[in-house]
Amino acid sequence: MVGMIKKEDVEKVRAAADLYDIVSATVTLKPSGTGTYVGLCPFHDEKTGSFNVRPSLGVWHCFGCGLGGDVFKYVEQSENIDFREAVELLADKYHIELHYENSGNGTGHSDGTGSKRTRLLEACEEAQRFFVSQILTQEALPARKLLGGRNFSQADCERFGCGYAPQGWDNLVRHLASKGFTQKEILDAGLARQGQRGIYDYFRGRVTWPIRDSTGRTLGFGARKLYEDDQIAAKYINTPDTQLYRKTQVLYGIDLAKSAIVKKRQVVIVEGYTDVMAMHLAGIDTAIATCGTAFGAEHAKIVRRLIADDSLGAVQLVGPLKVKDQPLSSRIVFTFDGDAAGQKAALHAFGLDSAFLSQTFVAVADDNLDPCDLRIERGNEAVRSLIAHAKPLYDFVIDAAIARFDLTYTPGQVGAMKAVAPLVAQIRDRSLWDAYARKAAGRIGVDLEVMRREVMSARRQMHVRDEDAYAAKRRFQNEAPRVEPGTNPYANPAARKALERQDAKEQAYFKIDDAVFIAEQQFMATLIQVPRAIDRTMFGQLTIDHFMSPVFRTLFQAIAAAGGLPSDDTPQGLWMHNLTKAGGPMLNQVINELAVMPLPLPGDDTGNGAQPAQPNVPGNAAAVQLRPATKEEQRYAAELLTRLLDMGFMRQIGLAKRRMAQLPDGEEKIALLGQITRMETARKDLQAQVYGNTIG
């Protein structure tokens, strides 16, 4: 059995793993101060970015939910795996061979073992290669005809990974078994089902599409029916939910569209795999689709993290906005049919609208053609025109409701008003709902005040909360965790952290906002972020008694347990690892917060560890030694350290004077007076030293 991963291999992986590269694969990060990046937290629902990443220290922390840690902790949280699996996943990504204690042969993967998630990913990738290899066989002629009939060339099919699952009972199972995968791994990957005669292929006699995550890893498959005698009646089937694949959390085409979505701040949501292909081939490179389910809240979170725009700081931009070289940007565009089913889907999207930080539109083609059929009949230009002339979602839904009534007569007008009022009432943004109430009243032909009363009545009945999307928000606004009825709010670590922090913030018996706390906090942040800025001789004079805040007294002890100030050749990542290990679970959040906290110093992209915005630029400081401190950092660290030492002298002098006042005249009192004099002299010398350094 494979034992623990050797420590030196863990450090190799830590040094190789680029935190910016890994986080930015799923979160849009923007520079925020020197060496820090900010985005929307992937672990809890928020609309104002409070998720901070400090690549130079290999640390991330969310001020909203309280989660944080190093690159391994991020992978653990995002992939829902344990520490060992996170190390193995990153080792695979960066092609590092792992060695295990007591593993017999010395390597982790040569005997076919490895993390379960890694094995499932490998199984899906091998299945994709198998399906692609089958698309050119004689048996796959119906599949090629279906794709060719939709104007997809062989090159197009290769670009999107189209494949073919043979009709046989266990073709894929036997192929994967020959590659060393066990039956359990094949079943757990959702590629097979258990039958009375053993396991058999889940996908048989169908065209296949790989469903990948934003980094391009295959998580599952979608497949379309080709033959009438198919035992599964559904036209389309998808991989069942597995450890890798969750239909409510995956979007087909996200791997192809992600970079364009971030650049253009636009997402086009279609209903099927061929629609995504048609959109991309027509030049709409921001198209994605859900996989066998309606577009839901989890999908909305993924999209929001990619398109959110807080480039004006406290003001959240809502769109549609002007993006350079992009005439139509910063929008969510749904493509629905104009029939009853399409209108029902639009109503569902209407309910999700507040989850987006961009205006939502609807594109409906003439004759209710879907994008793929539209491209076949009218060409690429018609597809581009469809998206260019999309209609705002609110207008689409409200107009559809009004169109069902005969407005010639008063009963029809009242009926339309009654139907429209609950729709307008659902618009949380108070900047918009009143405008739409005016617009609807004018079209229906009723008095504005009557319409407003209907809308306000509906808002009260539905308990709609006002939410001004254009209003300024606090930098690290902590949104209340959303807890579904009947669920355990502490089951989700992010929700639990949010609730704990909410409880802590709402109390009134412990408030700190004083110079002592600020000095201690800034010193600890400087020590964690730039330990080489700390003067070793002066630091050696510090004791636990120089700290008054309990949390920093405990943190000082943790630093001592970690070995004190690190040597100059210590890797950045190892310094943070040793510190968090010594601090334990009680101090991890404190250390993470201090590590990403901006220091009140001028930015210096070369001297202050700021990483270039481009993720492919070398700069993974977790792999290099502790960087030298700038003069500003050294001066600031000396100033803070002096404050702490000065406060220590002040406390000792105060205690000594109290004691001297209680002593009778004699040698002991004279000796104590001499001690006080020496401490006062040392305090003056310390202050003079700081003054000299400041002048210099």
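The structure reproduced in this document is the subject of the present report. These figures come from a predicted structure and were not determined experimentally.

## Description of the overall build of the chain
Then comes step 1: Secondary structure assignment for the chain yields 26 helices and 18 strands.
Then comes step 2: Every one of the 696 residues in the chain was classed for burial, and the buried ones make up 52%.
Then comes step 3: Entry remark: accessible area of the chain is about 32500 Å², with carbon and sulfur atoms responsible for 52%.

## So, the sheet that holds strand S3 (residues 51–54)
Then comes step 1: The antiparallel open sheet is built from five strands, whose spatial order is S1-S2-S3-S4-S5. Every other strand in the sheet has two partners, leaving strand S1 (30–31) and strand S5 (68–69) as the edge strands with one partner each.
Then comes step 2: Alignment of strand S2 (residues 37–39) against S3, held across three bridges, turns out to be antiparallel. Residue Tyr37 lies in a different strand from S3, and its bridge partner there is Val53.
Then comes step 3: In this fold helix H3 (residues 71–79) packs onto S3, strand S4 (59–62) and S5, with an angle of close to 50° to the strand it touches most, S4.
Then comes step 4: Across the sheet, helix H24 (residues 572–596) is in contact with S3, S4 and S5; its angle to S4 comes to roughly 60°.

## A look at the nonpolar core
Then comes step 1: The biggest cluster of nonpolar side chains holds 67 residues, and the ones touching the most others in it are Leu147, Leu191, Tyr252 and Met279.
Then comes step 2: By residue number, the principal contributor to this core is helix H5 (residues 116–134), which donates seven residues.
Then comes step 3: Those residues in contact with Met279, other than ones at most four positions away along the chain, are Val268, Val270, Ile284, Ala287, Thr335, Pro371, Val383, Leu386 and Ile387.
Then comes step 4: Counting residues in each nonpolar core, the second largest holds 43 residues, with Met576, Leu594, Leu640 and Met647 among its members.

## Concerning H24
Then comes step 1: Compared with an ideal rise of 1.5 Å per residue, which puts 25 residues at 36 Å, H24 spans 14 Å between its outermost C-alpha atoms and falls more than 12% short.
Then comes step 2: Remark: the principal bend of H24, roughly 130°, maps to Gly584, with a proline, Pro585, within the next four residues.

## Details of unusual backbone geometry
Then comes step 1: Non-glycine residue His95 carries a positive phi angle of around 55°.
Then comes step 2: Its place among the elements puts His95 in the loop between helix H4 (83–93) and H5.
Then comes step 3: A residue is classified by how much of its surface remains accessible, and His95, at 73% relative accessible area, is exposed.
Then comes step 4: Residue Arg265 is not a glycine yet carries a positive backbone phi of 55°.
Then comes step 5: Tracing the chain through its elements places Arg265 in the loop between helix H10 (254–264) and strand S12 (266–270).
Then comes step 6: Classification of Arg265 as buried rests on a relative accessible area of 15%.

## Let's talk about the side chain of Lys264
Then comes step 1: You can see Lys264 is positioned in helix H10.
Then comes step 2: Separated by 2.7 Å, the side chains of Lys264 and Asp285 make a polar contact.

## Here's the deal with the pattern of salt bridges
Then comes step 1: The full count for this structure, using the stated rule, is 27 salt bridges.
Then comes step 2: The partner of Asp399 in a salt bridge is Lys391, with the nearest N and O atoms 2.7 Å apart.
Then comes step 3: A single salt-bridge network, built from bridges that share partners, covers Asp434, Arg438, Glu449 and Arg452.

## Quick word on the packing of aromatic side chains
Then comes step 1: Applying the stated criterion across every chain, the model contains 23 aromatic pairs.
Then comes step 2: Centre to centre, the rings of Phe43 and Phe51 are 6.5 Å apart; their planes meet at 70°, and the pair counts as edge-to-face.
Then comes step 3: The class of Phe43 is buried, set by a relative accessible area of 14%.
Then comes step 4: Take Phe51: its relative accessible area is 0%, and that puts it in the buried class.
Then comes step 5: Relative to Tyr436, the ring of Tyr394 lies with its centre 5.3 Å away and its plane at 85°, an arrangement referred to as edge-to-face. With a gap of 42 residues between them, Tyr394 in helix H16 (residues 393–402) and Tyr436 in helix H18 (residues 430–444) connect regions that are remote in the sequence.
Then comes step 6: Taking relative accessible area as the criterion, Tyr394 reaches 9% and is therefore assigned buried.
Then comes step 7: An aromatic cluster is defined as three or more aromatic residues linked by ring pairs; in this entry it consists of Phe130, Phe131, Tyr202, Phe203 and Phe221.
Then comes step 8: A cation sits over an aromatic face here: Lys93 above Tyr94, 5.7 Å from the ring centre.
Then comes step 9: Over the ring of Trp169 we find Arg197; its NZ or CZ atom is 4.6 Å from the centre of that ring.

What counts, and where the lines are drawn
- Residues numbered from 1 in each chain as written.
- Predicted model: local features only at pLDDT ≥ 70, side-chain atom pairs only at ≥ 80, totals over all residues.
- Heavy atoms only, no water.
- Helix = DSSP H or I, 4+ residues; strand = E, 2+ residues; numbered from the N terminus.
- Buried < 20%, exposed > 50% of the residue type's maximum accessible area, 1.4 Å probe, protein only.
- Areas by Shrake-Rupley, 256 points an atom, 1.4 Å probe, with all protein chains shown as cover.
- Pairing = 2+ DSSP bridges.
- Contact = heavy atoms within 4.5 Å.
- Axes fitted to C-alpha atoms, helices over the stretch in contact; angles between N-to-C directions.
- Core = buried A, V, L, I, M, F, W, Y, C linked by side-chain atoms within 4.5 Å.
- Expected span 1.5 Å × (residues − 1).
- Bend = angle between axes of the 7 residues up to and from the residue.
- Polar contact = N/O pair within 3.5 Å; in protein donor to acceptor, adjacent residues only side chain to side chain.
- Salt bridge = Lys/Arg side-chain N within 4 Å of Asp/Glu carboxyl O.
- Phe/Tyr/Trp six-rings, centres within 6.5 Å; stacked < 30°, edge-to-face > 60°.
- Lys NZ or Arg CZ within 6 Å of the ring centre and 35° of its normal.

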